[in-house]
Amino acid sequence: MLRRLMMGTLFATGISLAAVSTAPADPINLTIGKLLELTGPLSETGPSQDKAIKLAIDYANKAAAAAGVDIKAADVGADVQGDPQAALSAARALVAKGASCLIGPSITPESIAIANGLTIQKKITIWPVGTSMRLRTIKDEGTIFRTVPPDSLQALALVAGIIDKLGTASGKLVSIAYRNEPYGEGLAKDFKAAWEAKGGKTQGPVVFDPNQATFDSEAGEIVANNPDAYVIIDYPDTFAKLGASLVRTGKFDATKLFVPDALAFSTVPGNIPAQAIEGARGTRGGTPTDTDAYKVFDKLWETAGGAEHFSLDANSFDSTTLCMLAAVAGKSADPAAIQEHVRAVTTPGAPKFYLTTLSDAFKAVAGGEKIDYVGVAGAFEFAANGDPTISRFDIFEYRAGKLAVLKQIDAAK
Amino acid sequence: MIEEASAPPSPRWHSRLPPAAWLALVIIAALALLAGVKGPVEAGQATINGLVDAGYVALGAVGLTLIFGILRIINFAHGDFLTLGAYVALMIAASGLPIWLAAALAILVTAAVAAALDKLVWEPMRRMQTSTLQLLLAAIGIALVLRYTIQFFAGSQVRSFGQDILSAVNLGPWHLGTLQLVALLAGIALIVAVGLGLRFTAVGKQMRALSDNMALAEVTGIDTRGAIRLTWIVAGALAAIAGILYAAAVGTINPNFGSLILLSLFTAAVLGGIGNAYGALLGGIVIGLAQEWSTLFLNARWKPAVGFAILILTLLVLPRGIFGRVPART
Amino acid sequence: MSILNADFWIGVGVIAGIYGIFALGLQLNVGLTGLLNLGQAGFMCIGAYAMGMLVVDAGWPILATLPVAIAAAVLAGVLVGLPSLRLRSDYFAIATIAFAEIVRYVLQNAAFAGGNQGIIGYDAEWRDFAAWASDRLAAIGLGEQMQLPLLFSIWLVFALCVAVLRWLRRTPWGRVLTAIREDEDAAAALGKNVLAFKLQSLAIAAALAAIAGFFLALNVTYLYPGEFDPTFTFFGYAVLILGGFASYGGVVLGTIVLWTLIEGLRFLDLPLSSGEVGSLRFVLVGLTLVVLSMARPQGLLGRRAEMQLRQ
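Worth saying up front: this structure is predicted, and the values here are computed from it rather than measured.

1. Points about the overall build of chain A
Turning to step 1, where the next piece is worked out: Within chain A one finds 13 helices and 14 strands.
Turning to step 2, where the next piece is worked out: Rg of the C-alpha trace for chain A: 21 Å, near the compact-globule value of 22 Å for 413 residues, within the 12% margin.
Turning to step 3, where the next piece is worked out: Expressed as lengths along the three principal axes of its C-alpha atoms, the size of chain A is roughly 70 × 40 × 40 Å.
Turning to step 4, where the next piece is worked out: Counting over 413 residues, chain A shows a buried share of 68%.
Turning to step 5, where the next piece is worked out: A sequence separation of at least 24 residues applies to 70% of the contacts in chain A between residues at least 6 apart.
Turning to step 6, where the next piece is worked out: Accessible surface, chain A as shown: approximately 13600 Å² in total, 55% of it carbon and sulfur.
Turning to step 7, where the next piece is worked out: Positive and negative side-chain charges in chain A, numbering 40 and 45 respectively, have mean positions lying 2 Å apart.

What follows is the structure in structure tokens.
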């Protein structure tokens, strides 16, 4: 390990000597902490989170080296166990091992326990993927950055997406269902209000427990009364089961299905039956222009092998990249320096950089420029509270198991 | 503790229906009532869904109830035996063998693991006359070891047998998944086989003798070690079958699935009366029907709570479960 | 050495203390009365939620909620115990776990307690106190460790509970409990109201669970139903059995040993993926439990003579 580290340092030093154009600076050895769901109720998400963060570190290390920027990131991981108390202990272990920023955790109760119990005091940034509005009720002193859009915006995007398909909301019946969790509960509530405000009708919500042996009664209720559309807020592992039950009812039409970002994948995971999702539409945070970032990310993912795509893995990937860019901007692996410079790499109006131009991004940031980094999951341009301000969403459709973007909308309008 | 489904003939036999018949009457009456209130299509579909639930749970619960009834071990590791069976089958199938062969091998492997654990852990503890609580701790420990050893090798992401879970059998206005039907029928057949085996085979009689009085059974010359070992083997094999059927019919699993359904298995076993194979089946049916019927009136989010509420209510009326014997004071 | 990190071990001490208080109740039930209570997480949940709701919805001062939270858990204990204590011990065990699960599902699905979103924002007064205490601790160079006030509070209460329970054990009341565990029928024959004593035992355990829940809530600063799943009770049992049957000192030792093991294994450094290390950690915890239950059946501080749990 030590030898590998030394080799890495030597390698990095060599490059920075070669790249004379870059101002000489102390090498940054950054440790990124992974707060992973490795055991417990959400453990199916762990492998893809882990993979996403590692891929991001590898890719960014190479991009930085190619740019002659002297940063070398390494990762340490800990198990949050789907439990706030364990998550807090996991975060402490990572900080003890030298982590300067923490990617994750998955659920808002874990994030809040970690923030209140540790990271606010230490000025360490955490990058959770939970979407609950509750996260913003604590005074985090600017330490929590979220790359996922808040529920309220996505609900509006879903409404726009359905109107786009049906022509109008007025009098149209939408059947709502969600997995019994904070994410589904929050988004379903916002969606129902937004849809009814447009004159639409809703039925349900059908709320399903993910650990049931059968989802047939739930599926029957979702398709009852032949609704004009279904909104199902779910994760891929449960939707593999619920989707099969929906198809078995014989009344399910996947082209009437609308899903949010937790069921957005460039390639639909193999476990989800095609008949349950082919032709379905959905929303996810959109990139401002049609970049190739997603293709690059997808290729990395496929080449690496291992875990399949899971919800929001692109967000963990982007968070890691942002953390490394911020460290370069702050010229330090010090957590507080990273926190202060996150906005310098996501500045609205500054030159935009993408995954495909990450090397140039590193160079620009090392040269003291402000940039607007646009990730695989979209642009961020963080608001004062640390949530993304970008209200641009993709409306996509699954065609032959692949995600195809139909159009982009601004959910705030 | 192993009890037979029908009470032995007694002077009051004709004046008293066996509990199973009572239960059948109650269920039919409830179904008629539901069909009247909610319409036959909805009520019938909920009933079918409930029976599918029951099939999964009952088969998993049989092994649990045997171990508890005969050996007095609250086996918190039983759910993880379901997981073990399913994952061994998955891994063998991944190497290209046909699924039925993979399943057969996985059943053997799981039974062998159960037997090995008896040899390594339970038998030494039996010899030391360890208390129920220590056995509980050992079971919790074994559960963790099994679950996370599986996860160590297979990873925690979801896996699937890739069977066709979309095809459905249509019966008029009602439907159920083809694999669900297979799992249900296989479950019932196996449970009946276990019940008959306990009643009519020599080994089954030995097991029942053990559960009634271990010391007495030993004195009368029964090979207790062999019978206990066989109980573990049967329990392990049944758990593997339950796990494989569950995984194939439900679609996707991860290494937590067995431990997550463990409480439903306990509920079915206790509801039916601990130690009784048919009890596990009837317990499963009661829970399954109650949960699915509840969706006709309540949001499906209440399904798990309904199962536990039914358990508590039943125990208030029948303190030893449906098939439980009236406690004999010792 | 990262493993010597003070913050980390203070955090482990907090967890160990919470589980310790939680397991004291189990010790009273299982070790001294012979009741296999598997619903302890449910009582803890009721206590924690009572505190959270009184502070957030009714604006009570946090300390004033503690007696009410305890009373709520005690009431739940009596309501659960009255019908279920006449069940045989194994059926009683399953009935209590069913109760705990119902509590959890009701809080998740009913509208009154925040549902899946849970309860947040009850800890302002505590944080003010902790900040004040940290300032005082800074005078002796311990101001950086922000969890120290919580650690001290928990272990102070834990020690008090142990002292009270030990005293109770020596009273005539405590001796009746032991008599019930040894031979219920004999105790009844001596004119003792067995049900009443069992109810009292369960009620005190529920009170201890509520106190543990109070501190858990302060540690995680966010209450939601997922925190109270049966796993909590199972680990409470691991603490109890590890430490020793019928020994309160055993609970103290058991919780220290178990949580040092579980959390210390986070520093297991192997050339494996995070997922493999995460799995291995619990394989090792499981193995330790199995080996200890075989090698030291009476627990670390238990006495063999007290180990017969009546059926």
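2. Considerations on the interface of chain C and chain B
Turning to step 1, where the next piece is worked out: Chain C puts 50 residues into the contact, and the matching count from chain B is 47 residues.
Turning to step 2, where the next piece is worked out: Approximately 4300 Å² of surface area, both sides summed, lies buried where chain C meets chain B, with 73% of it carried by carbon and sulfur atoms.
Turning to step 3, where the next piece is worked out: The interface formed by chain C and chain B contains one salt bridge.
Turning to step 4, where the next piece is worked out: Ionic pairing is found between Asp-90 of chain C and Arg-72 of chain B, a salt bridge with its closest N-O pair at 3.2 Å.
Turning to step 5, where the next piece is worked out: On inspection of chain C and its partner chain B, the count reaches seven residue pairs in polar contact (both at pLDDT 80 or more).
Turning to step 6, where the next piece is worked out: If you tally residues by element for the side of chain C that touches chain B, the top one is helix H4 (residues 89-109) of chain C, at 13 residues.

3. Some words on the environment of Arg-134 of chain A
Turning to step 1, where the next piece is worked out: Of note, Arg-134 of chain A is situated in the loop between strand E4 (125-127) and helix H5 (151-166).
Turning to step 2, where the next piece is worked out: On the accessibility criterion, Arg-134 of chain A (24% relative accessible area) is partly exposed.
Turning to step 3, where the next piece is worked out: Placed 65 residues apart in sequence, Arg-134 of chain A and Gly-199 of chain A show a C-alpha to C-alpha distance of 28 Å.
Turning to step 4, where the next piece is worked out: Leave out the neighbours within four places in its chain, and Arg-134 of chain A touches Thr-108 and Ile-112 of chain A together with Gln-117, Gly-118, Ile-119, Ile-120 and Tyr-222 of chain C.

4. Examining the sheet that holds strand E12 (residues 378-379) of chain A
Residues and elements named next belong to chain A.
Turning to step 1, where the next piece is worked out: Taken together, the three strands give an open sheet; going across it, the order is E10-E11-E12, and neighbouring strands pair in mixed fashion. In this open sheet, the two strands that pair with only one neighbour each are strand E10 (352-353) and E12.
Turning to step 2, where the next piece is worked out: In the sheet, strand E11 (residues 372-375) pairs with E12 via two bridges, with the strands oriented antiparallel. Looking at the pairing, Gly-375 lines up with Gly-378 of E12.

5. Some details on the pattern of salt bridges
Oppositely charged side chains can pair when the atoms bearing their charge come close.
All names here are of chain A.
Turning to step 1, where the next piece is worked out: The final tally for this structure, using the stated rule, is 36 salt bridges over all chains.
Turning to step 2, where the next piece is worked out: A salt bridge links Glu-381 to Lys-352, with the nearest nitrogen and oxygen atoms 3.9 Å apart. Residue Glu-381 is found in the loop between E12 and strand E13 (392-399), and its partner Lys-352 is found in strand E10; the two are separated by 29 residues along the sequence.
Turning to step 3, where the next piece is worked out: Residue classification places Glu-381 among the buried positions, given a relative accessible area of 11%.

6. So, the interface of chain B and chain A
Turning to step 1, where the next piece is worked out: Counting from both sides, the interface comprises 32 residues of chain B and, opposite them, 31 residues of chain A.
Turning to step 2, where the next piece is worked out: For the pair chain B and chain A, the summed buried surface comes to about 2800 Å²; carbon and sulfur atoms form 48% of the total.
Turning to step 3, where the next piece is worked out: Sorting the residues of chain B by area buried against chain A places Leu-166, Thr-252 and Arg-301 of chain B first, and these three jointly supply 21% of that buried surface.
Turning to step 4, where the next piece is worked out: Our enumeration of links across chain B and chain A arrives at two salt bridges.
Turning to step 5, where the next piece is worked out: Between Lys-303 of chain B and Glu-218 of chain A there is a salt bridge; the shortest N-O distance is 2.8 Å.
Turning to step 6, where the next piece is worked out: Those elements that provide at least two residues to the side of chain B that touches chain A are helix H2 (40-71), helix H5 (132-154), strand E3 (174-177), helix H9 (224-250), helix H10 (257-272), helix H11 (277-294) and helix H12 (303-317) of chain B.
Turning to step 7, where the next piece is worked out: Of the residues assigned to the side of chain B that touches chain A, the class counts are 13 nonpolar, 15 polar and four charged.

7. A closer look at the nonpolar core
Turning to step 1, where the next piece is worked out: Grouped together as the largest cluster of nonpolar side chains are 248 residues, with contacts concentrated most on Phe-76 and Trp-122 of chain B together with Tyr-237 and Trp-259 of chain C.
Turning to step 2, where the next piece is worked out: Considering every element that reaches this core, the biggest residue donor is H2 of chain B, with 17 residues.
Turning to step 3, where the next piece is worked out: Leaving out residues up to four positions away in the same chain, Phe-76 of chain B has contacts with Leu-136, Ala-139, Ile-140, Ala-143, Leu-262 and Phe-266 of chain B together with Leu-38 and Phe-234 of chain C.

8. Comments concerning the domain arrangement of chain A
Residue and element names in this part refer to chain A.
Turning to step 1, where the next piece is worked out: Taken domain by domain, chain A consists of domain 1 (2-13 + 26-150 + 292-379) and domain 2 (151-288 + 392-410).
Turning to step 2, where the next piece is worked out: Relative to domain 2, the C-alpha centre of domain 1 lies at a distance of 29 Å.
Turning to step 3, where the next piece is worked out: The interface of domain 1 with domain 2 comprises 21 residues on the first partner and 24 residues on the second.
Turning to step 4, where the next piece is worked out: Buried area between domain 1 and domain 2, both sides added, is near 1800 Å², and the carbon and sulfur share of it is 56%.
Turning to step 5, where the next piece is worked out: Put simply, domain 1 and domain 2 have one salt bridge between them.
Turning to step 6, where the next piece is worked out: Our count for the contact surface shared by domain 1 and domain 2 stands at seven residue pairs in polar contact (both at pLDDT 80 or more).
Turning to step 7, where the next piece is worked out: Put simply, the parts of the chain that give the side of domain 1 that touches domain 2 at least two residues each are helix H10 (293-304), E11 and E12.
Turning to step 8, where the next piece is worked out: Looking at the side of domain 1 that touches domain 2 residue by residue, the classes come out as 11 nonpolar, six polar and four charged.

Rules used in this analysis
- What you see as residue numbers is a count from 1 along each chain, following the sequence as written.
- To label them, take the chains in the order written and letter them from A, then take the ligands in the order written and number them from 1.
- Note on the predicted model: pLDDT of at least 70 is required for a residue's local features to be given, and 80 or more for side-chain atom pairs to be given and counted; whole-chain, interface and lining totals, by contrast, use all residues.
- Computation of side-chain values covers all heavy atoms of the structure but excludes hydrogens and water.
- Runs of H or I in DSSP of at least four residues are treated as helices and runs of E of at least two as strands, each being numbered from the N terminus.
- Throughout, the radius of gyration refers to the C-alpha atoms, and the reference size of a globule is 2.2 Å times the residue count to the power 0.38.
- For the exposure calls, accessible area comes from a 1.4 Å probe over protein chains only, and a residue counts as buried if that area is under 20% of its type's maximum, exposed if over 50%, partly exposed in between.
- In what follows, a contact means two residues having at least one pair of non-hydrogen atoms within 4.5 Å.
- Here the open area of atoms and residues is found with the Shrake-Rupley method and a 1.4 Å probe, where only the protein chains shown may cover a residue.
- When charges are counted, Lys and Arg are positive and Asp and Glu negative, with His and the chain ends excluded.
- A single reference atom marks each charge: NZ on Lys, CZ on Arg, CG on Asp, CD on Glu.
- Buried area: the accessible surface (1.4 Å probe) lost by two parts on joining, summed over both.
- Take a side-chain nitrogen of Lys or Arg and a carboxyl oxygen of Asp or Glu: if they are within 4 Å of each other, that pair is a salt bridge.
- Contacts described as polar in this section are N or O atom pairs within 3.5 Å, which, within protein, must combine one atom able to donate a hydrogen with one able to accept it, while residues neighboring in sequence count only if both atoms come from side chains.
- By this definition, two strands are paired if DSSP reports at least two bridges between them.
- Under this grouping Gly is polar, as are all residues other than the nonpolar Ala, Val, Leu, Ile, Met, Phe, Trp, Tyr, Cys and Pro and the charged Asp, Glu, Lys and Arg.
- Among buried residues, the Ala, Val, Leu, Ile, Met, Phe, Trp, Tyr and Cys ones that are joined through side-chain atoms within 4.5 Å form a nonpolar core.
- An automatic or database domain assignment is the source of the domain bounds shown.

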